[in-house]
Amino acid sequence: MKNILVLAHDDEGQEARLQAALDLGRALTGHITCLDVTYIPPILGNDYSEAGYAMAAVLADETTRERANKVTLEARFAREDVAWNWVDATGEAAACIVRAAALADVIVLNRRLDNPSVIDMRRTASELIVKSGKPVLAVPGESRGIDLATVLVAWDGSPCAAAALRAAVPMLRLADQVTLFSVDDGAMASPIEDAATYLSRYDIHPVIRRIEVQPGGAPKQLLAAAASGQYGYVVMGGFGHLRFTEALFGGVTRTMLTSSPIPVFLAH
């Protein structure tokens, strides 16, 4: 995990994204690519109506702001002790990030912003988890960095949970304590002990924490564990069930992207 792609965009979540990317870059001796996306509103194109002109003004303002953002951040990164480069892109955020992520090992975004910018971060993160083929580190807008020493790994025995576990190994090897966490509903395809055995072969020896399912189910219980103050971040599979089902009925991924107080590392 040497190639870290982070979204650079002048919004309230940018500092959280940059600090997390810098922490990863330093810890993993990695390289950070800052992708500065100038967002084009979908209404633009052949729309010459009043709304079209209004959105053109929004684009002009967005372009000016992102040019200034680039100047500021390039000066900042020049002072940081991590390798980096800068890429400019214009378009819809998720599509731009997918194109830029071909040789990335992890993408750093926000999970959701309480005061959203023109980019819907939760929707963008959700699309990238499924479409990019890369793990996504989704950070709260108010966080400042990531604590890599203690980690909660959510395990439900699914292929997505296994994908997240495999992808997170370079980070897990940096931890002082790894906790494998499962909400046991009696229907787990692959037992949590298999995940522990897998990690042990990387000299990672996790603590197993298995709890019975309670009212509210796995989303509520995982969120409570993340909010306990015991862990620096969560590792979990993203959208292990059909996405339209999760959109209709909730789901663990949606809950964590909406409310997790700590960064969430997701893979599909």
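Owing to the predicted nature of the structure, the values given are computational and were not obtained by experimental measurement.

Chemist: Please explain the sheet that holds strand β3 (residues 83-91) as it appears in this structure.
Modeler: The strands making up a sheet are joined through hydrogen bonds of the backbone, oriented either antiparallel or parallel. Reading across the sheet, the 10 strands line up as β3-β2-β1-β4-β5-β10-β9-β6-β7-β8 and stay open at both edges, with mixed pairing between neighbours. Each edge of the open sheet is held by one strand with a lone partner, namely β3 and β8 (207-212). Averaged over all pairs of adjacent strands, the angle between strand axes in this sheet comes to 25°, irrespective of strand direction. Across four bridges, strand β9 (residues 233-237) lies against strand β10 (residues 264-267) in parallel orientation. Looking at the pairing, Val 235 lines up with Phe 265 of β10. Against the sheet, helix α6 (residues 192-200) engages β7 (177-184) and β8, with an angle of about 160° to β7. The sheet contacts of helix α9 (residues 252-259) involve β5 (136-139), β9 and β10, and relative to β9 the element is tilted by about 155°.

Chemist: Would you mind showing me how to read the pattern of salt bridges here?
Modeler: Where charged atoms from two side chains of opposite charge come close, those side chains can pair. Per the counting criterion, the structure on display carries 13 salt bridges. Taking the shortest distance from any N to any O, the salt bridge between Arg 17 and Asp 11 comes out at 3.0 Å. Residues participating in the shared-partner salt-bridge network are Glu 15, Asp 23, Arg 26, Arg 76, Glu 80 and Asp 81.

About the criteria used
Residues numbered from 1 in each chain as written. Predicted model: local features only at pLDDT ≥ 70, side-chain atom pairs only at ≥ 80, totals over all residues. Heavy atoms only, no water. Pairing = 2+ DSSP bridges. Helix = DSSP H or I, 4+ residues; strand = E, 2+ residues; numbered from the N terminus. Axes fitted to C-alpha atoms, helices over the stretch in contact; angles between N-to-C directions. Contact = heavy atoms within 4.5 Å. Salt bridge = Lys/Arg side-chain N within 4 Å of Asp/Glu carboxyl O.

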